[in-house]
Amino acid sequence: MNRIRLVAGLLVLAVLGGCASAAKRDCESGDWEGLGFRDGRAGLGFERVGVLADRCSDYDIPVDSGAWTEGHARGLEEYCEPTRGFDLGESGESYTGNCPVALEGRFLISYVRGMNIRNDELQLAYERNRRSLDDARRQREALEPDQDADNLLDRIDQLENSLEQNLSVRRDLNQRIGRWSRSL
């Protein structure tokens, strides 16, 4: 048990060390516009430059926030494309709310369309799993008392869990659809 804790602790330290060295590399690169572009293209907000400044201050490296902001604006132009909004919505990813007003309207229209398609796909999956669950329950009821029902019971549990998870995801998705639809 102690060995497992030691290995787990070493893994955590390695991951944290990797993050720290990546942050240091970002700071040492001095490519503030490129870092801003990357952050913008990822949909990250302006608070990101503050995080970067905090990290870089650990290495006594000042951040050129003007260059970062220029790159960030260009990155957001890519992130806020309507096709990107549709893809984010259809894949069920969350929108960060960081698109500039001039780009957000078209982005949100596409994002909501994508989420609606995702919702339809989830509804179809729910109905398919619901039918499978009903079939599995009927099969279980039809079993003779001496027949092994373990596999069938496992399948029923999996389907029930899948249905609960589907409902939870759709509930969240519907809340986001409502939230972003009101913004249009």
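Just so it is clear, the structure is predicted and the values come from calculations on it, not from any experiment.

Draft legend 1. Geometry of the packing of aromatic side chains. In total, this model carries 7 aromatic pairs according to the counting rule given. Seen from their ring centres, Y79 and Y95 are 6.5 Å apart, and the 20° between their planes marks the pair as stacked. Linking Y79 in helix 4 (residues 65-79) with Y95 in the loop between helix 5 (82-91) and helix 6 (101-142), this pair joins segments that are 16 residues apart in sequence. Relative to F107, the ring of Y95 lies with its centre 4.7 Å away and its plane at 45°, an arrangement referred to as tilted. Of this pair, Y95 sits in the loop between helix 5 and helix 6 while F107 sits in helix 6; the two residues are 12 residues apart in sequence, bridging distant segments of the chain.

Draft legend 2. Structural detail: the pattern of salt bridges. Tallying each qualifying case throughout the model produces 9 salt bridges. Linking D26 and R38 is a salt bridge whose minimum nitrogen-to-oxygen distance equals 3.2 Å. One end of the pair, D26, is in helix 1 (residues 2-29); the other, R38, is in helix 2 (residues 32-41), and 12 residues separate them in sequence. D26 sits in the buried class, given a relative accessible area of 18%. Assessed through its relative accessible area of 34%, R38 is described here as partly exposed. A cluster of three or more residues bridged by salt bridges with shared partners is formed by D26, R38, D39 and R48.

Draft legend 3. View of the side chain of N119. The topology assignment puts N119 in helix 6. A distance of 2.8 Å separates polar atoms of two side chains, one belonging to N119 and the other to N174. Contact partners of N119, with chain neighbours within four places excluded, come to R170, L173, N174 and I177.

Conventions adopted
- Residues numbered from 1 in each chain as written.
- Predicted model: local features only at pLDDT ≥ 70, side-chain atom pairs only at ≥ 80, totals over all residues.
- Heavy atoms only, no water.
- Phe/Tyr/Trp six-rings, centres within 6.5 Å; stacked < 30°, edge-to-face > 60°.
- Helix = DSSP H or I, 4+ residues; strand = E, 2+ residues; numbered from the N terminus.
- Salt bridge = Lys/Arg side-chain N within 4 Å of Asp/Glu carboxyl O.
- Buried < 20%, exposed > 50% of the residue type's maximum accessible area, 1.4 Å probe, protein only.
- Polar contact = N/O pair within 3.5 Å; in protein donor to acceptor, adjacent residues only side chain to side chain.
- Contact = heavy atoms within 4.5 Å.

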